[in-house]
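A structural walkthrough
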Amino acid sequence: QVQLVESGGGSVQAGGSLGLSCTASGISIGTADVGWYRQAPGKQRESVAIRRIGGDVIYADSVKGRFTISRDNAKNTWYLRMNNLQPEDTADYYCQLLRRNGREYWGQGTQVTVSS
């Protein structure tokens, strides 16, 4: 059974930093794309950052230069480092793993709150 467990998140003032991590069990992340998504209240879930198997990284325009996605295949874990957080970054953040066959898995979500 595949399970993704997130940790990190919390509350911070604008300009602050937070880190998220997502650890997979029941599957090796080495053959999958990994990513982070977020969903703010009343809004649709949106992609924040994706790190593909081959190393390509895609960031949402709104987080470029502030967020960094990384992965450690040996630890079956990927990370999102968030710097210079702003109130508009407030959302529930979800990690995602996307296998080559198109099947996707999601973490349970973790809340990030940024106050002005």
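Before reading further, recall that the structure is shown in the block above.
A few points on the structure. Note that this is a predicted model, so its numbers are computed, not measured. (Residues numbered from 1 in each chain as written. Predicted model: local features only at pLDDT ≥ 70, side-chain atom pairs only at ≥ 80, totals over all residues. Heavy atoms only, no water.)

We now examine the pairing of strand 5 (residues 46–51). In this sheet, strand 5 lies alongside strand 4 (residues 32–39) in antiparallel orientation, the contact comprising five bridges. Along strand 5, the bridge assignment pairs Tyr37 with Ser47. Two successive antiparallel strands, strand 4 and strand 5, enclose a turn made up of six residues, where Gly42 displays a positive phi of approximately 75 degrees. In this sheet, strand 6 (residues 57–59) lies alongside strand 5 in antiparallel orientation, the contact comprising three bridges. Opposite Ala49, over in strand 6, you have Tyr59 as the bridge partner. Count of turn residues in the strand 5/strand 6 antiparallel hairpin: five residues, of which Gly55 carries a positive phi of about 110 degrees. (Pairing = 2+ DSSP bridges. Helix = DSSP H or I, 4+ residues; strand = E, 2+ residues; numbered from the N terminus.)

Here Thr77 lies in strand 8 (residues 77–82). Residue Thr77 is classed as buried on the basis of its relative accessible area of 5%. Look past the residues within four positions of Thr77 in its chain and what remains in contact with it is Ser21, Cys22, Thr23, Ile29, Arg71 and Asp72. (Buried < 20%, exposed > 50% of the residue type's maximum accessible area, 1.4 Å probe, protein only. Contact = heavy atoms within 4.5 Å.)

One open sheet holds the four strands; their spatial order is 1-3-8-7, and the pairing between them is antiparallel. Both edges of this open sheet fall to strand 1 (3–8) and strand 7 (67–72), since each of them pairs with a single strand only. Recorded for the sheet is a direction-independent mean angle of 15 degrees between the axes of neighbouring strands. (Axes fitted to C-alpha atoms, helices over the stretch in contact; angles between N-to-C directions.)

Interpretation note: all reported values are geometric properties and have no functional meaning in isolation.
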